[in-house]
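Listed here are the chains, written in short residue letters.
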Amino acid sequence: MLCLCHRACQIVSRLAGGLWPSLRCCPRAEFEGSWWAGPQGLLKWQNAWWATASFSTASLLCFRIQGHLEGKSSKADLDPTVSPVTVTEIRHYLRAKGIPFYDGYSCLHVPSLFVGKVFDAEKGNFSLFIDKTTGQFLCKDTLLEGSWEDFQDCLEVMRKEGRDNLGPDVVLKVPESDWELSAQEMDLKEVQQIWNKAMAFSNVEEEEVQLVKAMFGISKITNQTLKNLCVKYFKPTKSLVFPWFSWRDSTLKGLKLLSAEQDGDRVTYVASPLPKLNNYNNLFGIHLLMRKDTTLVLTSKELDCLAVAQATGLPCASLPRGVSCLPPALLPYLEQFRKVVLWLGDDLLSWEASKIFARKLNVRRCSLVRPGDGQPCPLEALAAGLNLGKIVKGAVPASHKSIISFRQLRDDVFGELANADQVSGIKWQRFPDLNKLLKGHRKGELTVFTGPTGSGKTTFISECTLDLCTQGVNTLWGSFEISNIRLAKIMLTQFAMQRLDDQLDSYDAWADQFENLPLFFMTFHGQQSIKSVIDTMQHAVYMYDITHIIIDNLQFMMGQEFLTVDKFSAQDYIIGMFRKFATDNSCHVTLVIHPRKQEDDKELQTASIFGTAKASQEADNILILQDKKLVSGQGKRYLQVVKNRFDGDLGIFPLEFNKASLTFSPVKSKAKLRKVKEGEEEGGGAKSTWY
């Protein structure tokens, strides 16, 4: 086994670009009785933590995949020190090093550094894929993956030692801890036990087979289709079992259990992947695809994949996380297909996800099945006796060269009219009065939020975003004012709706649930460059399909780079950047801005927002947290909507702060939401009638 960690002292270190100091050097350290070698002799692993500073950097370098979700936590911090790389820079580097490559749809294809001969490889053996957006690479022959910096370091070591390749057993990242290895072994053992106990449908009594199929709505799916796609039945939990086979050797890596739960007259389906969702990157159905296949139908659910495979005979695969995310790690497995048809569902959310995923896959090869009465999701289409092959052939191209008339727009306009409730966005569950005004949370909008200092802006907006996050909105928090630890503590308390400091025995139970939310944090703190922040946001949207980003607050963007520029011009530029980002990436950006200084006895207005009128002009929504406690010492807070570009409804409603749970909730009194006319707020603030 070659460990590149031991070669690191021979390579120029690039700490800001992917090589990080690590005490745990490589598995060899464990094989040598938990001892590892450093410049000052042998140190025992367990006692080595305190000695970090005394070692030279080069001898402690290990390769680490940047931005990868590691270990137990799903609260990934987005590291701002990772330098972005462009596809032009990657191409120049490969040419300079004499490495042959060719352009794919989402990746550059190069010979593997771990098998065969890199510089004499034939085009058919280009099995290493470099993501054009991030520089991350994956070798399909060995399943080794890493960052762009890892790729460069591998090549440097290979050249220095005169090797044709580095071999398939090279260590590219810090090995997992003992706890992580133990957890992985337990997961794999559980996967194998479930798979062994699960039954093929041909071995289940016919009466029970019909009941199970009816329960999951797959009565028209034949046993042969289930057998072809290796779907089994797990009787103890009455669940369908969808396997995850390794691309490399077809070994079982994981599985997904799909169970049906009765909720009154409604049946809900609950998916339980093993390993946990963040580590479950299975394209169900991909194991049956042939190298000669050039067309693929991509669905959001495994049951839809069964329907397409049976009805059309076309190659089909389903996404591991539905419409919420298309992990970039899966893109290399989709490179062989010249045409990808995305048929993700029958609602507006699926349609929006189709367009976002098509950008990752390269819109030139993507076609989309538009939701409509005659084009439901694949499983429903099969049950209704529709021609699925005809629907797939009728998929519309993901991109048009130009829109020349209303004809290209009419279907989209009709879709918005027919799905008005979905178009209005995701509804808040904790703030029903906010739904009455804004109607919902929508992608691609810019919301400006302000309020007096000390009024609870961060606390309120954290609960507001947590509400959406619990409904599946992929969220990225950029907290420049308070630390991520403190912010996470606030959000966890709001999530549990109770204080946890005096109930530590229940902490793990709440933390386990909170950990599964699609929530991420930037590691920035204090003043930051707007370019670094935008780069990190762009990375998050690509890697994790983030649809809501919170920036708290704008004033921290105006750092050293704007010292020679008028501060108002600098702020206008930054707001313009966030506005453009929200529109271009179909991502909702919530921007917290402090108000300008004014007399304490006056309520805040649109004109109270610090800076020029740029913020109020660019924003789709403007929310003001009014706090009369700061003026009189009595009274209550209330939220005021002073701009609503979606449908124009403006108004105010009271809030009540619960100190124990750190939550705001509508006041349970006679005071209710009051709508105001658009011109009323401009004339000196809306009058509050409940105080």
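To be clear, the structure that these remarks concern was listed above.
Residues numbered from 1 in each chain as written. Predicted model: local features only at pLDDT ≥ 70, side-chain atom pairs only at ≥ 80, totals over all residues. Heavy atoms only, no water.

*Asks:* Now, about the overall build of the protein: what can you tell me, with residues and values included?
*Replies:* Along its length, the protein carries 20 helices and 29 strands. A burial count over the protein gives 50% of its 691 residues as buried. Long-range contacts, defined as pairs at least 24 residues apart, comprise 66% of the intrachain contacts of the protein with a sequence gap of at least 6. Only carbon and sulfur atoms are counted for the fraction: they give 52% of the accessible area of the protein, which is about 32,500 Å². (Helix = DSSP H or I, 4+ residues; strand = E, 2+ residues; numbered from the N terminus. Buried < 20%, exposed > 50% of the residue type's maximum accessible area, 1.4 Å probe, protein only. Contact = heavy atoms within 4.5 Å. Areas by Shrake-Rupley, 256 points an atom, 1.4 Å probe, with all protein chains shown as cover.)

*Asks:* Mind laying out helix α8 (residues 348–361), listing which residues take part and the relevant values?
*Replies:* Here α8 is 14 residues long and its end C-alpha atoms lie 20 Å apart, about the 20 Å a rise of 1.5 Å per residue gives. Among the 14 residues in α8, ten count as buried, and that is most of the element. Within the span of α8, buried status applies to Leu348, Ser350, Trp351, Ala353, Ser354, Ile356, Phe357, Ala358, Lys360 and Leu361. Note on α8: the residue one or two positions beyond its end, Asn362, has a positive phi of about 90°. (Expected span 1.5 Å × (residues − 1).)

*Asks:* Please provide a residue-by-residue account of the sheet that holds strand β7 (residues 107–110), values included.
*Replies:* One key point about sheets: their strands pair by backbone hydrogen bonds, in either a parallel or an antiparallel sense. Spatially, β6-β7-β8-β9-β10 is the arrangement adopted by the five strands of the open sheet, whose pairing is antiparallel. Bordering the open sheet on either side are β6 (102–103) and β10 (145–146), each of which pairs with just one other strand. Sheet contacts for helix α3 (residues 148–160): β7, β8 (128–131), β9 (137–139) and β10; angle to β8, the most-contacted strand, approximately 135°. (Pairing = 2+ DSSP bridges. Axes fitted to C-alpha atoms, helices over the stretch in contact; angles between N-to-C directions.)

*Asks:* Please set out the sheet that holds strand β12 (residues 239–245) residue by residue, giving values where relevant.
*Replies:* Here we have four strands laid out as an open sheet, ordered β11-β12-β13-β14, and antiparallel in their pairing. Bordering the open sheet on either side are β11 (232–234) and β14 (266–274), each of which pairs with just one other strand. Looking at each pair of strands side by side, their axes are set apart by 30° on average, direction ignored. Pairing of strand β13 (residues 252–263) with β14, which is carried by nine bridges, proceeds in the antiparallel orientation. Looking across to β14, one finds that Asp263 is bridged to Arg266. The strands touched by helix α5 (residues 206–216) are β11, β12, β13 and β14; relative to β13, the strand with the most contacts, the crossing angle is about 80°. Helix α7 (residues 302–312) rests against β12 and β13 of the sheet, and its axis sits at about 80° to β12.

*Asks:* Explain the packing of aromatic side chains residue by residue, including any values.
*Replies:* All chains considered together, the criterion is met by 19 aromatic pairs. In this structure an aromatic cluster arises from ring pairing among Tyr93, Phe114, Phe137, Trp148 and Phe151. Over the face of the ring belonging to Trp195 we find Lys232, whose NZ or CZ atom lies 4.0 Å from the ring centre. Here the guanidinium or amino end of Arg442 rests over the ring plane of Phe646, the centre of that ring lying 3.9 Å away. (Phe/Tyr/Trp six-rings, centres within 6.5 Å; stacked < 30°, edge-to-face > 60°. Lys NZ or Arg CZ within 6 Å of the ring centre and 35° of its normal.)

*Asks:* Residue-level account of the environment of Met497, with values.
*Replies:* Mapped onto the fold, Met497 is located in the loop between α15 (484–496) and α16 (507–515). Sequence spacing of Met497 and Leu662 is 165 residues, and the spatial spacing of their C-alpha atoms is 7.7 Å. Excluding anything up to four places from it in sequence, Met497 contacts Arg430, Ser661 and Thr663.

*Asks:* Lay out the environment of Met199 in plain terms, naming residues and giving numbers.
*Replies:* For Met199, the location among the structural elements is in the loop between α4 (178–197) and α5. Counting along the chain gives 32 residues from Met199 to Val231, while the straight-line C-alpha distance between them is 9.0 Å. In this structure Met199 touches Val204, Lys232 and Tyr233, once residues within four positions along its chain are discounted.

*Asks:* Break down α7 for me, citing the residues and quoting the values.
*Replies:* Glu302, Leu303, Asp304, Cys305, Leu306, Ala307 and Val308 are the residues of α7 that are buried. Positioned one or two residues after α7, Gly313 has a phi angle of 75°, which is positive.

*Asks:* Report on the side chain of Asp293, specifying residues and quantitative values.
*Replies:* Within the secondary structure, Asp293 sits in the loop between β14 and β15 (295–299). At 2.7 Å, the side chain of Asp293 forms a polar contact with the backbone nitrogen of Met290. Excluding anything up to four places from it in sequence, Asp293 contacts Pro315, Gln336 and Phe337. (Polar contact = N/O pair within 3.5 Å; in protein donor to acceptor, adjacent residues only side chain to side chain.)

*Asks:* A description of empty space enclosed by the protein should follow, citing residues and the corresponding values.
*Replies:* Enumeration over the complete set of coordinates arrives at one cavity of 30 Å³ or more. Space inside the largest cavity adds up to approximately 130 Å³. Trp428, His441, Thr447, His588 and Thr590 are, among the 17 residues lining the largest cavity, the residues nearest its centre. Every element with two or more residues in the lining of the largest cavity is listed here: α13 (432–438), α14 (457–469), β24 (588–592) and β25 (621–627). It is α14 that contributes the most residues to the lining of the largest cavity, four residues altogether. Within the lining of the largest cavity, the residues separate by chemical class into seven nonpolar, eight polar and two charged. (1 Å grid on protein atoms, 1.4 Å probe; cavity = no way out; pocket = protein on both sides within 12 Å on 5 of 7 lines; lining within 4 Å. Points joined across faces, edges and corners; volume = space filled by probe spheres on them. Nonpolar A, V, L, I, M, F, W, Y, C, P; charged D, E, K, R; others polar.)

It is worth stressing that arrangement in space is one thing and function is another; only the former is reported here.
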